[in-house]
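Residues per chain, in single letters:
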There are 2 protein chains.
Amino acid sequence: MVQRPIGIFDSGIGGLTVLKEAMRLLPEERFVYLGDTARVPYGTKSPATVIGYAEQAAGFLVSRGVKLLVVACNTASAVALPHLAACFQLPVVGVIEPGARQAVKASSRGRIGVVGTEGTVRSMAYNKAILRANPLARVVSAACPLFVPLAEEGWAGHRVARITAEEYLEPLCREGIDTLVLGCTHYPLLKPVLSELLGTETVLVDSAAATAVAVRDLLRERNLSCRSGRGGVHFHVTDLPDRFCRVGSAFLGAELTGVEQVELGGGVQSSAVGDERLMVEAGGVV
Amino acid sequence: MVQRPIGIFDSGIGGLTVLKEAMRLLPEERFVYLGDTARVPYGTKSPATVIGYAEQAAGFLVSRGVKLLVVACNTASAVALPHLAACFQLPVVGVIEPGARQAVKASSRGRIGVVGTEGTVRSMAYNKAILRANPLARVVSAACPLFVPLAEEGWAGHRVARITAEEYLEPLCREGIDTLVLGCTHYPLLKPVLSELLGTETVLVDSAAATAVAVRDLLRERNLSCRSGRGGVHFHVTDLPDRFCRVGSAFLGAELTGVEQVELGGGVQSSAVGDERLMVEAGGVV
């Protein structure tokens, strides 16, 4: 059982930031990553649709024999986590709870801002998780729908990103936040712009590292840690791999190769295309 | 047969600009509109995936007994039109050919720019259609991935849209274009910004009106025109109708009500939700 891989899924490439941290922290573990690129994004879609897609994605990873499931997508974590935990007989880790706990720990005055997709912000999942950890915290949130396309366009450092961030964060700045949760796995790419805008006194919290720690702790607790493996990751996507490889390398911080196309319940293609199936050793991608 | 409705589909709300023009030109006709909002956008996805989605969307409309199919999505028109024409036994109209012909007619010096999604621009469909109509034309194109999220965010007139347009259009302006094809159904919302940037000498061509004329001509040619109907439209979407209704009204230029949720091949939900099934009379929405 301990030799089994860890499953990670996201609507597309954003979850690679979580994978990167998990591989760094757990170099002996093997990972299976799934990006639902044929249906990306999840952030603008309804909870019912996101729950359905998340169930199919999780089902795929479970069929690959994973020992633990990481929902590396904020929108899916926000709306689908209880459903997935009820559907599948394995430990499930989302990105919201670890990010919320880290924000509470980092916050000096309990004034916490949250930015995310429409779906994540509407769900109030961060607000609830933060208030569970600190009932006295004051949480303000803002949906930032243009951040994902800006990051995917490679414009995270562009002046358009700066102006957009100014406008989205204006209500949060007015509230005097001391901590900002980057509630979407794409947003870490905008850190330089956000830091410049908010100043050094505001702490930026990115769930990726906190989620990796939560995965490690849960594996230890359940005696599921692999201590002698060579690591590695196998990538899957639901659309052709080209764009995932091209755009995703900035998220993983390494080249993406050996990506296999697969069909989920809703797929319209039956053939796996792209590069040959390939197990990338950890050393090869991080 | 003439009493049957006209089917129109798009990846989401953009095709409402085509529907609006078609309803204006053909007030006696009934329309069935389908927006594949559970899988939007198509513009960043591979041709194979878009072809599969388009086939499912067209299949749904054919099952509703439509007499003619309008592919009101530039990306799907660019990559899936021959496939759809081969699959289904009914006349199929896309937005590329009418837009390209109109651009050639409008262009004074044959220097034509095309803007669209990644998928449309990569397909070179406009370039080929324009060169078929005028082999001496000079065509330059640019993908503008941020225009769709800007239009959907309601930021089409924002200074961020102006700066983004300046950057995307810079290579086209350098080529001295006299005509610009808006090769995506979202882009007409950016007309004011684009006009200001390009000046009054550059003609902006939007396929919606040209496509409506092509539909009228084809109906006449095949003796399929309805001359005595009361008109009307029935809307369908693949995700919950809320966002479609909220964002789409700016595209249709009227309130959107009576939208039914349906499941295509890849759907994950089985129940139709939202407002009651409702046939909106033409007078009610235009």
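Just so it is clear, the model here is predicted, and its values are computed rather than measured.

Reading the values: the criteria
Residues numbered from 1 in each chain as written. Chains lettered and ligands numbered in written order. Predicted model: local features only at pLDDT ≥ 70, side-chain atom pairs only at ≥ 80, totals over all residues. Heavy atoms only, no water. Helix = DSSP H or I, 4+ residues; strand = E, 2+ residues; numbered from the N terminus. Rg over C-alpha atoms; globule rule 2.2 N^0.38 Å. Buried < 20%, exposed > 50% of the residue type's maximum accessible area, 1.4 Å probe, protein only. Contact = heavy atoms within 4.5 Å. Areas by Shrake-Rupley, 256 points an atom, 1.4 Å probe, with all protein chains shown as cover. Lys, Arg positive; Asp, Glu negative; His and termini not counted. Charge placed at Lys NZ, Arg CZ, Asp CG, Glu CD. Axes fitted to C-alpha atoms, helices over the stretch in contact; angles between N-to-C directions. Parallel < 35°, antiparallel > 145°, perpendicular 65-115°, else oblique. Left-handed = near helix turned anticlockwise from the far one by under 90°. Nonpolar A, V, L, I, M, F, W, Y, C, P; charged D, E, K, R; others polar. Pairing = 2+ DSSP bridges. Right-handed = clockwise from strand over helix to strand, strands pointing away. Expected span 1.5 Å × (residues − 1). Disulfide = S-S within 2.5 Å. UniProt positions renumbered as here; feature names shortened; annotations may be inferred. Buried area = accessible area lost by both parts, 1.4 Å probe. Salt bridge = Lys/Arg side-chain N within 4 Å of Asp/Glu carboxyl O.

Caption draft 1: The overall build of chain A, seen in detail. Helix and strand counts for chain A come out as 12 helices and 10 strands. Relative to the globule expectation of 19 Å for 286 residues, the C-alpha radius of gyration of chain A, 18 Å, shows essentially globular dimensions. Summarising its shape, the C-alpha atoms of chain A cover approximately 50 × 40 × 35 Å along the three principal directions. Burial analysis of chain A (286 residues in total) assigns 61% to the buried set. Counted over contacts in chain A with a minimum sequence separation of 6, partners at least 24 positions apart contribute 77%. Accessible surface, chain A: about 10900 Å² in total, of which carbon and sulfur atoms supply 51%. Within chain A, one finds 28 positive and 28 negative side-chain charges whose respective centroids are separated by 6 Å.

Caption draft 2: How the structure looks around the packing of helix α4 (residues 96–106) of chain B against helix α10 (residues 207–221) of chain B. All names here are of chain B. Two elements in contact, α4 and α10, have axes separated by 8 Å at closest approach and are oriented at 110°. Classified by the angle between their axes, α4 and α10 sit roughly perpendicular to one another. Considering the relative orientation of α4 and α10, their crossing is right-handed. Along its contact with α4, which presents P98, G99 and Q102, the element α10 presents S207, A210, T211 and A214. The residue makeup of the contact of α4 with α10, split by class, is 3 nonpolar, 4 polar and no charged.

Caption draft 3: Structural context of the sheet that holds strand β1 (residues 6–10) of chain A. Residue and element names in this part refer to chain A. Ordered by their spatial adjacency, 6 strands build an open sheet running β4-β3-β1-β2-β9-β10, and the pairing between neighbours is parallel. Pairing within the sheet leaves two strands with one partner each, and these edge strands are β4 (92–94) and β10 (259–261). Pairwise comparison of adjacent strand axes, ignoring direction, gives a mean angle of 20° for this sheet. Pairing of strand β9 (residues 232–237) with β10, which is carried by 3 bridges, proceeds in the parallel orientation. Across the sheet, residue H236 finds its bridge partner in β10, namely E260.

Caption draft 4: Main features of the pairing of strand β7 (residues 179–183) of chain A. Residues and elements named next belong to chain A. Of all 5 residues in β7, 5 are buried; the element is thus mostly enclosed. Both faces of β7 are covered, namely the face carrying T179, V181 and G183 and the face carrying L180 and L182. Note: strand β5 (residues 111–116) against β7, 5 bridges, orientation parallel. Note on β7: the bridge partner recorded for I112 is T179. Sheet topology note: the β7/strand β8 (residues 203–206) ladder contains 4 bridges and is parallel. By the bridge assignment for β8, T179 is matched with V203. You can see the chain leave β7, run along helix α9 (residues 191–198) and come back into β8, and the turn it takes is right-handed.

Caption draft 5: The arrangement of helix α3 (residues 74–87) of chain B in detail. Counted at 1.5 Å a residue, the expected span for α3 of chain B with its 14 residues is 20 Å, and the 19 Å between its end C-alpha atoms agrees. Three or more residues of α3 of chain B are buried, namely N74, T75, A76, S77, A78, V79, A80 and L84 of chain B.

Caption draft 6: Spatial organisation of the state of the cysteines. A full pass over the atoms with the stated rule returns 0 disulfides over all chains. You can see C245 of chain A has no disulfide; the closest cysteine sulfur is in C73 of chain A, sitting 20 Å from it. Here C73 of chain B is not disulfide-linked; the sulfur of C184 of chain B is the nearest cysteine sulfur, at 7.5 Å.

Caption draft 7: Geometry of the UniProt feature "active site" (unreviewed entry) in chain A. Residue and element names in this part refer to chain A. The UniProt feature table records "active site" (unreviewed entry) at C73 and C184. Across 112 residues in sequence, these annotated residues keep their C-alpha atoms within 7.1 Å of one another, forming a single compact spot. Along the chain, the position of C73 falls in the loop between β3 (68–71) and α3 (74–87). In this fold, C184 is placed in the loop between β7 and α9. The exposure class of C184 is buried, given its relative accessible area of 7%. Excluding residues that lie within four positions of it along the chain, C184 makes contacts with N74, V115, G116, T117 and V148.

Caption draft 8: Representation of the UniProt feature "binding site: substrate" (unreviewed entry) in chain A in the model. All names here are of chain A. As recorded in UniProt, the feature "binding site: substrate" (unreviewed entry) lies at D10, S11, Y42, G43, N74, T75, T185 and H186. These residues run over 177 residues, yet every pair of their C-alpha atoms falls within 12.5 Å of each other. By the secondary structure assignment, Y42 is in the loop between β2 (30–35) and α2 (47–63). For Y42, a relative accessible area of 1% corresponds to the buried category.

Caption draft 9: Region of the structure containing unusual backbone geometry. The omega torsion across V40 of chain A and P41 of chain A is -5°, close enough to zero to call that bond cis. Along the polypeptide, P41 of chain A turns up in the loop between β2 and α2. Even without being glycine, M124 of chain B reaches a positive phi, approximately 60°.

Caption draft 10: Geometry of the interface of chain B and chain A. Listed by partner, the interface residues are 39 residues for chain B and 37 residues for chain A. Summed over both partners, the interface of chain B with chain A comes to about 3100 Å²; 56% of that surface belongs to carbon and sulfur atoms. Run the count over chain B and chain A and you get 4 salt bridges. Among the ionic pairs, E118 of chain B bridges to R246 of chain A, the shortest N-O distance being 3.5 Å.

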